[in-house]
Amino acid sequence: MTRTRQLWLTNETGRRKVREVLSSQLISMIFSPGDLWLASPWATDFDLLDNRSGSWNSLEPQWAFRFVRFSEVLIKLMESGCRLRIVTLEERMDEFTKFFINRLQVAIPNPETFQHVLRDELHIKGILGPDFYLAGSMNSTYSGAYKNDEQLELKSVKSEIIEARLNYEQAYGDFSGR
């Protein structure tokens with residue numbers, strides 16, 4: 001049985017599936033907090049979780065009967081005990097990325113919980129949690145989630161997750177700031 005899932009964002013069905021996969025992976029971390037890495041040259045806010053039916057109201061009453069933004073889910077994760085480290089481009093950081101990062105920093109000003117790493121060169125795109133690694137061509141942006149043709153792999157093999165984490169720590173430092 002394979003533990004890698006291919007995700008193709010070439011039509012609306014594929015784009016919706018990716019948002020659902022990402023939502024489910026992140027929501028699971030609310031119940032089992034851990035370290036979360038997000039590497040993307042650009043990162044912006046977008047509607048991630050469809051809560052129009054109210055299915056997630058008991059988890060967060062402020063999410064009642066609407067789409068929940070990516071930043072809101074990340075803030076809820078950090079409030080639940082997760083640590084988040086986001087790696088983005090420094091030199092070409094656009095206003096949308098600055099706004100997204102600022103929203104997280106204002107909500108969670110604790111540097112032990114939220115860290116933003118700036119890099120001069122960055123092309124890697126991935127979201128890495130304790131039990132999953134979602135990597136591929138998609139920037140963590142509205143265009144990546146809703147418009148562009150993209151391809152991602154969801155990995156759940158522990159050895160691949162550990163290898164990715166070691167590489168992220170070597171390239172971008174660990175949560176202790178090293």
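This is a predicted model, so every value here is computed, not measured.

Examining the sheet that holds strand β7 (residues 126-128)
The strands that make up a sheet are held in pairs by hydrogen bonds between backbone atoms, and each pair lies either parallel or antiparallel.
Part 1 of the argument: If you walk across this open sheet you meet the seven strands as β1-β9-β8-β7-β2-β5-β6, and the pairing is mixed. Two strands in the sheet have a free side with no partner beyond their single neighbour: β1 (4-9) and β6 (114-119). Taking the axes of each pair of neighbouring strands and ignoring which way they run, one obtains an average angle of 15 degrees across the sheet.
Part 2 of the argument: Where β1 meets strand β9 (residues 150-155), six bridges bridge the pair, whose relative direction is antiparallel. Bridge pairing links T4 to K155 in β9.
Part 3 of the argument: Lying over the sheet, helix α2 (residues 70-79) contacts β2 (35-39), β5 (83-89), β6 and β7, oriented at roughly 150 degrees with respect to β2.

Some details on the environment of R19
Part 1 of the argument: Examined against the element boundaries, R19 turns out to sit in helix α1 (residues 12-31).
Part 2 of the argument: When its relative accessible area of 10% is taken as the criterion, R19 is described as buried.

A word on the nonpolar core
Part 1 of the argument: Judged by nonpolar contacts, the single largest core of 39 residues is most densely connected at L26, L36, F70, L74 and L104.
Part 2 of the argument: If you list the elements that add at least two residues to this core, you get β1, α1, β2, β3 (47-50), α2, β5, α3 (95-107) and β9.
Part 3 of the argument: It is α1 that provides the largest number of residues to this core, a total of seven residues.
Part 4 of the argument: Membership of the second largest hydrophobic core comes to 14 residues, among which are V117, I161, A164 and F175.

Points about the packing of α1 against α2
Part 1 of the argument: Here α1 crosses α2 at 25 degrees, and the two axes come no closer than 9 Å. Between α1 and α2, the interaxial angle falls into the category roughly parallel. Here α1 and α2 pass one another in a crossing that is left-handed. For the pair formed by α1 and α2, the contact residues are L22, L26, I27, M29 and I30 on the first element and F70, V73, L74, K76 and L77 on the second.
Part 2 of the argument: The residue inventory of the contact of α1 with α2, partitioned by class, reads nine nonpolar, no polar and one charged.

A word on helix α5 (residues 158-172)
Part 1 of the argument: With 15 residues, α5 ought to run about 21 Å at 1.5 Å a step, and its terminal C-alpha atoms sit 21 Å apart, in line with that.
Part 2 of the argument: Among the residues of α5, those classed as buried are I161, A164, Y168 and Y172. Summarising the axial view, the buried residues of α5 lie within an arc of 65 degrees, below the 170-degree limit, and thus occupy one face. Residues of α5 that are exposed and angled more than 90 degrees away from the buried face: S159, L166 and Q170.

Side note on the pattern of salt bridges
Two side chains with opposite charge may pair up if their charged atoms get near one another.
Part 1 of the argument: Inspection of every chain in the model, using the stated rule, returns 15 salt bridges.
Part 2 of the argument: Linking R83 and D35 is a salt bridge whose minimum nitrogen-to-oxygen distance equals 2.8 Å. Placement of the pair is R83 in strand β5 and D35 in strand β2, with a sequence separation of 48 residues.
Part 3 of the argument: D35 gets classed as buried once you look at its relative accessible area, which sits at 12%.
Part 4 of the argument: The shortest N-O distance in the salt bridge between R103 and D45 comes to 3.0 Å. Of the two residues, R103 sits in helix α3 while D45 sits in the loop between β2 and β3, which places them 58 residues apart along the sequence.
Part 5 of the argument: Among the residues examined, R103 registers a relative accessible area of 32% and is labelled partly exposed.

Definitions and limits used
- Residues numbered from 1 in each chain as written.
- Predicted model: local features only at pLDDT ≥ 70, side-chain atom pairs only at ≥ 80, totals over all residues.
- Heavy atoms only, no water.
- Pairing = 2+ DSSP bridges.
- Helix = DSSP H or I, 4+ residues; strand = E, 2+ residues; numbered from the N terminus.
- Axes fitted to C-alpha atoms, helices over the stretch in contact; angles between N-to-C directions.
- Contact = heavy atoms within 4.5 Å.
- Buried < 20%, exposed > 50% of the residue type's maximum accessible area, 1.4 Å probe, protein only.
- Core = buried A, V, L, I, M, F, W, Y, C linked by side-chain atoms within 4.5 Å.
- Parallel < 35°, antiparallel > 145°, perpendicular 65-115°, else oblique.
- Left-handed = near helix turned anticlockwise from the far one by under 90°.
- Nonpolar A, V, L, I, M, F, W, Y, C, P; charged D, E, K, R; others polar.
- Expected span 1.5 Å × (residues − 1).
- Arc of directions from axis to C-beta.
- Salt bridge = Lys/Arg side-chain N within 4 Å of Asp/Glu carboxyl O.

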